[in-house]
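Overview (structure and organization)
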Amino acid sequence: MHGIKRRASSFNTERIDHIYQDPHDAKTGSDRGARFKLHYGDLTDTSNLTRILNEVQPDEVYNLGAQSHVAVSFESPEYTADVDGLGTLRLLEAIRFLGLEKKTRFYQASTSELFGLVQEIPQRETTPFYPRSPYACAKLYAYWITVNYRESYGMYACNGILFNHESPRRGETFVTRKITRGLANIAQGLEKCLFLGNMDSLRDWGHAKDYVRMQWMMLQQETAEDFVIATGQQISVREFVRMSAGEAGLIVEFSGKGVDEIAKVTEIVDAAKAPAVAVGDVIVRVDPRYFRPAEVETLLGDPAKAKAKLGWECEISVEEMCAEMVACDLENARKHALLKRHGHNVSVAVE
Ligand code: GDR
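Residues numbered from 1 in each chain as written. Predicted model: local features only at pLDDT ≥ 70, side-chain atom pairs only at ≥ 80, totals over all residues.

Counting its regular elements, the protein contains nine helices and 14 strands. A compact globule built from 351 residues should have a C-alpha radius of gyration of about 20 Å, and the protein, at 22 Å, falls within 12% of that. Principal-axis analysis of the C-alpha atoms gives the protein an extent of 65 × 55 × 40 Å. Out of the 351 residues in the protein, the part that is buried amounts to 38%. (Helix = DSSP H or I, 4+ residues; strand = E, 2+ residues; numbered from the N terminus. Rg over C-alpha atoms; globule rule 2.2 N^0.38 Å. Buried ≥ 20, exposed ≤ 12 C-beta atoms within 10 Å, placed from the backbone.)

Written out as structure tokens, the structure reads:
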């Protein structure tokens, strides 16, 4: 297995370190056939991608690389278009240029953000797209160029139109992780209040484990096709806050509207999980700086095609996923709180 990582002056492989094998390690290292290799690369660098693909001659390519934060895409639209849109073209073109189009199967990480201002509920493979951000516009190009290379050159290239998928490894600035981490930090006394944007937003949240299995399944078929991957259930950001607070031992009540909305603690169910919180504490507030210039208010996927054609079933519920995320973040918060109690300087990054 080969991966591509961007050069940064700090380590940036934390989320894959558990599968990385140190080539110096006598048991798993290169002499004993380490099976995972990382190459420096970048989706903006054509010659680099072409060289790596030529060296590796892959059977399968999963293009999961992107500037993937929707709100950030409004700040860096051109970079997002370059990486997410043209980056996909660069990979497809490198495969074709190297004459690998009959060997290398290509998976494109397409997204429910393509549906944007939804034209149909629930959204399926045939639902018209209506992107609502520079991110979604870039992904729209990537979707169609993948279809185009399939139709033009007979490549096995397909789009997984994935709805939001989460896990304890989710980046800290996406809303689910921001909530589970923020509430865990509050429970352990590392933060006082969590600031969020649009609490009414509805999403169809699934577990990344289920969705990654499906990505692999999509590349094992006779013919390449595009699939929607979703749970078929949606909840609001507010509901996810309530669920996460429950997992952190707290019952909260919401009041106020829009920018004045707050979540206040009305009961402590498990004081061991949340020793730093008192009844009456306001632990969530709205900060309009997290509102987006154009919002995707509601997303709900229909995974019927994936179920019928591939036998794919979503095995992990949003409740189970939330419980797992809060448990992990509580453990992290406990470690940080312990260090703090022993006089160490613990700073908790928030954005
Ligand atoms: P999304 O995920 O934009 O759906 O894209 P995100 O978690 O960022 O937002 C989900 C919804 O929550 C609302 N929201 C907030 N979002 C963030 N990030 N921070 C906040 O404080 C906040 N408050 C409310 C948002 O407005 C939005 O409606 C994710 C990304 O992983 C994409 O790359 C991927 O393509 C899609 O999921 C499927």
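For the rest of this paragraph, the subject is the domain arrangement of the protein. On domain assignment, one finds that the protein holds domain 1 (2-167 + 202-235) and domain 2 (175-199 + 236-297 + 318-342). Using C-alpha coordinates to define each centre, domain 1 is positioned 31 Å away from domain 2. Each side of the interface is counted separately: domain 1 has 14 residues, and domain 2 has 13 residues. Ranked by residue count, the leading element in the side of domain 1 that touches domain 2 is helix H2 (residues 70-75), at three residues. (Domains from an automatic or database assignment. Contact = placed C-beta atoms within 7 Å.)

In this model, helix H9 (residues 318-341) (24 residues) spans 34 Å end to end at C-alpha, consistent with the 34 Å of a helix rising 1.5 Å per residue. Of the positions making up H9, those classed as buried are Val318, Met321, Cys322, Met325, Val326, Asp329, Leu330 and Ala333. As for H9, its buried residues are in contact with strand S6 (165-166), helix H5 (175-187), strand S9 (206-207), strand S11 (235-236) and helix H7 (237-247). Phi turns positive, to about 85 degrees, at Gly343, one or two residues after H9. (Expected span 1.5 Å × (residues − 1).)

The local shell around the ligand holds 23 residues, among which Ser68, Thr111, Val175, Gly197 and Ser201 are the closest. Elements with a contribution of two residues or more to the shell around the ligand: H2 and H5. Partitioning the shell around the ligand into residue classes produces ten nonpolar, eight polar and five charged. Here the shell around the ligand spans two domains, and each of domain 1 (2-167 + 202-235) and domain 2 (175-199 + 236-297 + 318-342) adds at least three residues to it. (Near = placed C-beta within 6 Å. Nonpolar A, V, L, I, M, F, W, Y, C, P; charged D, E, K, R; others polar.)

Take the sheet that holds strand S5 (residues 157-162) next. Taking strand neighbours across the sheet as the criterion, the four strands line up as S3-S4-S5-S10 in an open arrangement whose pairing is parallel. Only two strands of the sheet have a single partner each, and these edge strands are strand S3 (60-63) and strand S10 (227-229). Averaged over neighbouring strand pairs, the angle between their axes works out to 25 degrees when direction is ignored. Here S3 runs beside strand S4 (residues 105-111); their pairing, made up of four bridges, is parallel. (Pairing = 2+ DSSP bridges. Axes fitted to C-alpha atoms, helices over the stretch in contact; angles between N-to-C directions.)

This part is about the confidence of the model for the protein. Chain-level statistics for the protein give a pLDDT mean of 96 and a share of 98% at 70 or above. Our summary of model confidence lists the complex with pTM equal to 0.97 and ipTM equal to 0.99. (pLDDT = per-residue confidence, 0-100.)

A word on the sheet that holds strand S13 (residues 262-268). In spatial order, the strands read S7-S14-S13-S12; together these four strands make up an open sheet with mixed pairing. Among the strands making up the open sheet, the edge pair consists of strand S7 (194-196) and strand S12 (250-255). Strand-to-strand twist across the sheet, computed as the mean angle between neighbouring axes with direction ignored, equals 25 degrees. Of the pairings in the sheet, the one linking S12 to S13 comprises six bridges and is antiparallel in character. Note that in S13 the partner of Ser255 across the bridge is Ile262. Running over the sheet, H5 touches S7 and strand S14 (282-286) and is turned about 155 degrees from S7. On the sheet, H7 packs against S7, S12, S13 and S14 and is oriented at approximately 155 degrees with respect to S12.

The first and last C-alpha atoms of helix H3 (residues 77-97) sit 28 Å apart over 21 residues, in line with the 30 Å expected at 1.5 Å per residue. Within H3, the axis deviates most sharply at Leu86, by approximately 35 degrees. Listing the buried residues of H3 in full gives Thr80, Ala81, Val83, Asp84, Gly85, Gly87, Thr88, Arg90, Leu91, Leu92, Ala94 and Ile95. On its buried face, H3 sits against helix H1 (46-56), S3, H2, S4, helix H4 (134-153) and S5. The first or second residue beyond H3 is Gly99, which carries a positive phi of 70 degrees. (Bend = angle between axes of the 7 residues up to and from the residue.)

Our focus in this paragraph is the nonpolar core. Counting 46 residues, the largest nonpolar core has Leu92, Ile95, Phe106, Leu114, Ala157 and Ile229 as the members making the most contacts within it. For Leu114, the residues in contact, after removing those within four places along its chain, are Phe129, Pro131, Ala136, Lys139, Leu140, Tyr143 and Ile161. Membership of the second largest hydrophobic core comes to 32 residues, among which are Leu183, Val237, Val284 and Val318. (Core = buried A, V, L, I, M, F, W, Y, C linked by C-beta atoms within 7 Å.)

For the rest of this paragraph, the subject is the packing of H3 against H4. The contact between H3 and H4 brings their axes to 8 Å, and the two run at 15 degrees. The angle between H3 and H4 places the two elements in the roughly parallel class. The crossing of H3 and H4 is right-handed. Across from Pro77, Thr80, Ala81, Asp84, Gly85, Thr88, Leu89, Leu92 and Arg96 in H3, the residues of H4 making contact are Pro134, Tyr135, Ala138, Lys139, Tyr141, Ala142, Ile145, Thr146, Tyr149 and Tyr153. Taken together, the residues of the contact of H3 with H4 sort by class into twelve nonpolar, four polar and three charged. (Parallel < 35°, antiparallel > 145°, perpendicular 65-115°, else oblique. Left-handed = near helix turned anticlockwise from the far one by under 90°.)

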